[in-house]
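Observations on the three-dimensional arrangement
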Amino acid sequence: MPIPTVAFSDERLPNGLRLIIAEDHLAPVVAVNLWYNVGSKHEQPGRTGFAHLFEHVMFQGSAHVGKAEHIAIVQAAGGTANGSTWLDRTNYYETLPSNQLELALWLEADRLATLPEALSQENLDNQREVVKNEKRWSYDNRPYGSWVEKVLAGLYPPDHPYHHSTIGSMADLDAASPEDVTAFFRLHYAPNNAVLSIVGDVDPAQARTWVERYFGPIPANPALPVALPEMSLPATLGGEIREVVPDQVPLARIIWGFRAPLFGDPRLDALDMAGQILAGGKGSRLHRRLVREERLAQDVTLFSMGLVAGASLTSGWATARPGIDLQRLEEAYWEELVRMTRELVSDDELARAKALTEADELGALMRVEEKADRLSSYATLLDDPGLINRMLPRYLAVTAEQIRDICAAVFVPDNRLVLTYVPAASGQAEEAAA
Amino acid sequence: MVIATRPSHGEPRPYHFPSFSHERLSNGVDVIAVHLPERELLTGVLFESIGAGDEHDDEAGLTVLMARAMTEGTRTHDAVALVEAGERLGASIHAEAGWDALSVGADVPAERLGPALDLVAEIMAEPIFPESEVERLREERLNDILQARADPRRRAEEGFIETIYAPGSPYRRPASGTRETVERIDAGAVRAMHARRFDPNRMTLIVGGDLTGIDVVRLAQARFGGWAPSLSCEGPRQVPARPADHPWRIRILDRPGSVQTEIRIGHVGLKRRIPDFHALSVMSAILGGLFNSRLNRVLREDRGYTYGASAGFELRRAAGPFAARAAVNTDVTVPAIRDILAELEGIGERPVTQDELHAARDFLVGVFPLRFETPSAVVGAISSIVIHGLPDDELARYRPALEAVSAEDVTAAARSHVHPDEASILLVGDASAFLADLEAAGLGAVTVEREAATGAA
């Protein structure tokens, strides 16, 4: 099957907005995807969770859009909309019938141009409560729910911008004021800090006219880019970190964390292929050995999250079957990582991993929403939207030697964080039995 | 200058759900091909319209486990060889079962469709169900049952269905079964079920994607056409989904220390094949489907009680559950319940506004093409109409039927199908924080069950 190429245009408006357009007329749909180069790494001490809280505020109305109306307008137009916040960036996106493109552009431009005009203490208080409930739901009231916070806190030192998670702390959320929100907006939300990707059933000339009409008048912020604290880190942790975490869980779980090469570094491609070979489905090494053969684990994972400065993170886990020796489980998992550092993977194993990666990539790129997201991502984080067409060839070119070499650099004892989640103290059990 | 005026929309490009054709093989296998130009990653799914809802009480979970075990080895390939054969094709091959059907399918590049269907045929017809692998899958399911008890939202879903359905109703339990029934499953039981259910006469193959130069019927005939039709095969049981006669109206599964309460309020709902399906869809969107649904508007955007509140019907071959759902911070549990009940009452009483009606209809009509960008989504939608015995033009007439729904239709659907006076309330949370308020609220008798600590596995 030939690898399809995404043809796109890439330009900047005079105010700095980067505009990327790709036509795809197969279905009468269009994706609008706006990435802002601001994430939780930009938060000040005592203001954690702010970038994400702000993302919620972006749905609370602007000069010409009422509270909670943004999503309502998009849905009434037959579309879907959402946003997300991560360490390096925040994004907002809509997917709609293609005849509604102008509406989505107007909505995005209106909040970028006028958000503070609609901001009220009441709306901020409301979304603060919503976000606190999101934290309770996604982290605090969920088995193993603290793992992301613990992995980030372990892999990145306390003064590092990646040390805290995007959800932040309850105390910091409580401290956020409308003035903080406005200041955050004025600093980071400007056209010269954004990438706008439009993918789907569009006439590029018409789309460009609309973008110029709605986004063109919004002024750039000359204070950008924002200076961040020094983010570089040694490639490895420099010493093992271990923690035993009692939690309300019935099965123990061993969770690993490692520093890894940066997003865009070809060595991370090789590490992704290693993840596929180790834990990508039922044919993978860890699944075969720990789940199928030795039956120590209920499930296994291993994956990387690419970040742009300091170090990315690689994480994974094995959930223990009841009654097994956790040390044995940990050793067996570790042995498989170490084996990757010493022996080359076989041609057949590598070929299967590549075939699966190819199918996954081709499947993902069928959807306009995914194409728009990748274009924005590569443009925002690496200034290289063309990677959308080069990533799959890069994966297919990874060699067994490259996989061994990156595993040898990452899977070393000095670079590992090991969290062992164990069923919480028996006090609870006694109470329940009483 | 910022443009203040909201733009109007352009002319919509026409959209038609892809047309498809049927051809029945001589042994009864129905073959459906749906051509989607330029979609070169194909989806092929072979399914049998019999599922977990057709199980006897004492074998609950057997269908789902059987489906998982079907990829654990065939007469031709052992489990690992089977996985590797699929991976070499770049095909993700899966076997799974739900309430109404069991399916074996593959997503695969067009030029490798034939070899992928070879594997599909093998998995469907010739699984050997090795004892040791069935035992492993059984243990994994038992461990998953432990995990489900520890996860407040999964616990709430399971607690809710066992509250609203009568004993003996299959929907009272998870499709994957309960500890009592799963513990009894072994390879013999799985093989016996496979033997008594395998029937080409109720199987359907659907292949979607760019089928240029591909003769799906010929490929199907070569692989599935030789299977003998079954004469003595067990048919679907169509067990009625009986509601409980309310042993609990309000039930708390107590988890001391929980920072949120998972709330489920509802009752036995509807099957998929109902005459007012489209009115029901619009009503559900207004009540609890849209971002600005009545429930989300009040509980999230007005009050900040939750990250999200929703409501909806799970439509199966028999009547699936209807539930309103929210996870709220513990101290607002009782006010949140009151708000949800008020909206369940209001949907049949407070007339639907024209704005609500248009928002819901236009959303459902507009997102319809968005849902079908990929072959796997198209194939999934067609398999659903086959499973529910709906006419072939069901999807083609979806949009006109929705556009014809009126405000009166929505209110009528609400009055017919949403019954707050018959609803049970299931809560998973810290009872000590809200029990007194709940009892004082006068909603009915409250039962509190202390959850066994999840740490004591």
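For the structure given in this document, a descriptive report is provided here. Model, not experiment: these values are computed from the prediction.

1. What to know about the overall build of chain A
- Scanning chain A for helices and strands turns up 16 helices and eleven strands.
- Here the C-alpha atoms of chain A give a radius of gyration of 23 Å, agreeing with the 22 Å that 2.2 N^0.38 yields for 434 residues.
- Taken over the C-alpha atoms alone, chain A extends approximately 65 × 60 × 40 Å along its principal axes.
- When burial is assessed residue by residue, chain A has 62% of its 434 residues classed as buried.
- Within chain A, counting contacts between residues at least 6 apart in sequence, those at least 24 apart form 80% of the total.
- Carbon and sulfur atoms form 51% of the exposed surface of chain A, whose accessible area is close to 15000 Å².
- Here chain A contributes 39 positively and 59 negatively charged side chains, and the mean placements of these two sets differ by 5 Å.

2. Observations regarding the overall build of chain B
- Within chain B one finds 16 helices and twelve strands.
- The C-alpha radius of gyration of chain B comes to 24 Å, within 12% of the 23 Å expected for a compact globule of 457 residues.
- Considered along the principal axes of its C-alpha atoms, chain B spans approximately 65 × 60 × 45 Å.
- A buried classification covers 62% of the 457 residues belonging to chain B.
- Restricting to contacts in chain B with at least 6 residues of sequence separation, those with at least 24 account for 82%.
- Of the accessible surface of chain B, which amounts to about 17300 Å², a share of 50% is contributed by carbon and sulfur atoms.

3. Details of unusual backbone geometry
All names here are of chain A.
- Along the chain, Leu 224 connects to Pro 225 via a cis peptide bond; the corresponding omega equals -5 degrees.
- When you line up the elements, Pro 225 lands in the loop between helix H8 (204-215) and strand E7 (241-247).
- Here the phi dihedral of Asp 383 falls at roughly 55 degrees; this positive angle occurs in a residue that is not glycine.
- As for its placement among the helices and strands, Asp 383 is situated in the loop between helix H13 (368-382) and helix H14 (387-397).

4. Concerning the pattern of salt bridges
- Throughout the structure, instances matching the rule amount to 74 salt bridges over all chains.
- Measuring nitrogen to oxygen at the nearest pair gives 2.9 Å for the salt bridge that ties Asp 265 of chain A to Arg 267 of chain A.
- Under the relative-accessibility criterion, Arg 267 of chain A is labelled partly exposed at 46%.
- Linking Glu 72 of chain B and Lys 282 of chain A is a salt bridge whose minimum nitrogen-to-oxygen distance equals 3.7 Å. On the criterion of chain membership, the pair formed by Glu 72 of chain B in the loop between helix H1 (62-69) and helix H2 (79-88) and Lys 282 of chain A in the loop between helix H9 (266-279) and helix H10 (285-293) is interchain, its members lying in two chains.
- Each of Lys 282, Arg 292 and Arg 295 of chain A together with Arg 68, Glu 72, Glu 133, Arg 136 and Glu 140 of chain B takes part in salt bridges that share partners, so that together they form one network.

5. A short note on the sheet that holds strand E2 (residues 30-35) of chain B
Residue and element names in this part refer to chain B.
- Judged by pairing direction, the sheet is mixed, and its six strands sit side by side in the order E1-E2-E6-E3-E5-E4 without closing on themselves. Each end of this open sheet is capped by a strand with a single partner; those strands are strand E1 (21-24) and strand E4 (92-97). In this sheet, neighbouring strand axes are inclined to one another by 15 degrees on average, regardless of whether the strands run parallel or antiparallel.
- Pairing between strand E3 (residues 41-48) and strand E6 (residues 203-209): six bridges, direction antiparallel.

What counts and how
- Residues numbered from 1 in each chain as written.
- Chains lettered and ligands numbered in written order.
- Predicted model: local features only at pLDDT ≥ 70, side-chain atom pairs only at ≥ 80, totals over all residues.
- Heavy atoms only, no water.
- Helix = DSSP H or I, 4+ residues; strand = E, 2+ residues; numbered from the N terminus.
- Rg over C-alpha atoms; globule rule 2.2 N^0.38 Å.
- Buried < 20%, exposed > 50% of the residue type's maximum accessible area, 1.4 Å probe, protein only.
- Contact = heavy atoms within 4.5 Å.
- Areas by Shrake-Rupley, 256 points an atom, 1.4 Å probe, with all protein chains shown as cover.
- Lys, Arg positive; Asp, Glu negative; His and termini not counted.
- Charge placed at Lys NZ, Arg CZ, Asp CG, Glu CD.
- Salt bridge = Lys/Arg side-chain N within 4 Å of Asp/Glu carboxyl O.
- Pairing = 2+ DSSP bridges.
- Axes fitted to C-alpha atoms, helices over the stretch in contact; angles between N-to-C directions.

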